[in-house]
Amino acid sequence: MLKKINPLAIWVILFAIASTVLLQSDFRSSSNDSKFYTYLVGQLYQQPAAQWIAPKWGDNYWGHPPDMYIRDHLVGNIIGGVILARMGLNENHALHVLQMLYQVLSLLLLYSIAAQFMAKSQASTLMWTLLLIPVAFTYSIRANHEQGMMFFNLLAVYSSVRLVGSGGWFVGVVIGAIGTFLIKGFPFVLVIPMCLVAFYIAYIHKHSCGFKKLIANREVIYKSIGMGVLPLMGVVLVAYIYEQLYTRATGLEFFSEYWRVQIMERSVEIAAKHSFIVQKLSNFKYYVLRTIYYSAPWSLAVIGVLIAQRKKLNSVVVSPTFLLFLCTGLVYIFAFSVFDRTASRYIFPTFYLFSAAMVVFLWENSPRFRKIHRQIETQRAFQVAAWIW
């Protein structure tokens, strides 16, 4: 029976069931960040919409400023939960449902990116393999920013791949940058190099050209400039509107305090206390090891394949799909290695991008993996079980 149902329909049904079960449950996340974001949704959803931009610290949270306003994070992560709670969803679970939706949409985007380079039957491998990596379930029911940030990152990357064919996809790149900005703030700038890398790889793949012809092509030059300028213009405009709305709601400036706390105190001043080279290398090692761990079992499987083929490494297939996922993921690792506040969640999109690269590598270099995938594709029950897991 399951074989006759469209895979997308199965995902929609399972998401609806999971959301319903969650909304009817007494679930409470053990994550302090999740508890806090859920608290903010409960604080804001009954207030006038003009006040949604200005959440306040609770009395139980230490270190809050005298005016109680939160000005070290934008409200992009919670605003969707506030809207859902206002529409009638349980305010304690609205953000969790939204994060689950982001996860599903992110997987669909990863599949859609791969499908631009591979057969759809091959790209569909990602739809069940990425559900088996550790972060797929440890982060699936949390109210944090990670899933939303990943979704908007992938939206921008997917749009940049499609930009090879049509300039209309600039809209997706800009929306991806703005969404990342509203959820995570200044790290939105990473969207630009991620999109440029994805665009160049997709363009070389489609036109079968070398790097010299790539950088000399007028279309490539114009679109590269567009991917640098348009997202920045969109974010600057949104930041201006955000500042005006915040000042109107509170009488206070937002971004001057955000810059002081997030950039100067938590990044620049901390970095000045350590040896530059030694600390950056330590940060890089931290993120690489975390990426390998959180990409298991597929990262370990790739290591196994490379060991097995160590005598004929020149026959290993390195495809554009693999390179795209790997290189866009590395953007996060290199960027956050510069900053000395380390945490796995900072490079969350990398775990999925790197895992996708590993799965693509296995598909192209492991006959055993391809055989397993073909067997699983005929058994939708396994895919259902993976999603539930």
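**Regarding the overall build of the protein chain**
The secondary structure content of the protein chain amounts to 19 helices and zero strands. Burial statistics for the protein chain: of 389 residues in total, 52% are counted as buried.

**Here's the deal with the pattern of salt bridges**
Enumeration according to the criterion identifies two salt bridges in this entry. One salt bridge in this structure joins Lys223 and Glu219, with 2.8 Å as the shortest N-O distance. With Lys223 and Glu219 both in helix α12 (residues 218–250) and four residues apart, the pair spans about one turn of that helix. Classification of Glu219 by relative accessible area gives partly exposed; the value is 29%. With a closest N to O distance of 2.6 Å, Glu257 and Arg260 form a salt bridge. Pair noted here: Glu257 and Arg260 are both in helix α13 (residues 255–271), with a separation of three residues, about one helical turn.

**Structural notes on the side chain of Asn153**
Position of Asn153 among the secondary structure elements: in helix α8 (residues 146–162). Among all residues touching Asn153, those that are not within four sequence positions of it are Thr180, Val191, Met194, Tyr332 and Pro349.

**A closer look at helix α10 (residues 191–207)**
Relative to the 24 Å expected for 17 residues at 1.5 Å per residue, α10 spans 24 Å between its end C-alpha atoms, a close match to the ideal helical length. Among all positions in α10, only Val191, Ile192, Met194, Cys195, Leu196, Ala198, Phe199, Ile201, Ala202 and Tyr203 are buried. Downstream of α10 by one or two residues, Ser208 has phi in the positive range, about 50°.

**Section: a nonpolar patch on the surface**
On the surface, Ile221, Tyr222, Ile225, Val229, Leu230 and Met233 cluster together to form a nonpolar patch covering roughly 570 Å² of accessible area. Here Val229 shows up in helix α12.

**What to know about the packing of aromatic side chains**
One pass over the full model with this rule turns up 31 aromatic pairs. Aromatic side chains Phe181 and Phe188 sit 5.6 Å apart centroid to centroid with 80° between the ring planes, which places their arrangement in the edge-to-face category. Each of the two residues, Phe181 as well as Phe188, counts as buried. On the basis of an interplanar angle of 80° and a centroid distance of 6.4 Å, the ring pair of Phe348 and Phe351 is categorised as edge-to-face. Taken together, the positions of Phe348 and Phe351, both in helix α17 (residues 348–365) and three residues apart, correspond to about one turn of that helix. Judged by relative accessible area, Phe351 falls into the buried class, the value being 0%.

**Details of the packing of helix α9 (residues 170–184) against α12**
Where α9 meets α12, the axes come as close as 9 Å, and the angle between the chain directions of the two elements is 45°. By the angle between their axes, α9 is oblique relative to α12. In the crossing of α9 with α12, the sense of the turn from one axis to the other is right-handed. Taking contact as the criterion, the partners of Phe170, Val173, Val174, Ala177, Ile178, Phe181 and Leu182 in α9 are, on α12, Lys223, Gly226, Met227, Leu230, Pro231, Gly234, Val235, Val238, Ala239 and Tyr242. Taken together, the residues of the contact of α9 with α12 sort by class into 14 nonpolar, two polar and one charged.

Conventions and cut-offs
- Residues numbered from 1 in each chain as written.
- Predicted model: local features only at pLDDT ≥ 70, side-chain atom pairs only at ≥ 80, totals over all residues.
- Heavy atoms only, no water.
- Helix = DSSP H or I, 4+ residues; strand = E, 2+ residues; numbered from the N terminus.
- Buried < 20%, exposed > 50% of the residue type's maximum accessible area, 1.4 Å probe, protein only.
- Salt bridge = Lys/Arg side-chain N within 4 Å of Asp/Glu carboxyl O.
- Contact = heavy atoms within 4.5 Å.
- Expected span 1.5 Å × (residues − 1).
- Patch = residues over 30% accessible without salt bridge, like charges linked within 9 Å, V, L, I, M, F, W, Y side chains within 5 Å.
- Areas by Shrake-Rupley, 256 points an atom, 1.4 Å probe, with all protein chains shown as cover.
- Phe/Tyr/Trp six-rings, centres within 6.5 Å; stacked < 30°, edge-to-face > 60°.
- Axes fitted to C-alpha atoms, helices over the stretch in contact; angles between N-to-C directions.
- Parallel < 35°, antiparallel > 145°, perpendicular 65-115°, else oblique.
- Left-handed = near helix turned anticlockwise from the far one by under 90°.
- Nonpolar A, V, L, I, M, F, W, Y, C, P; charged D, E, K, R; others polar.

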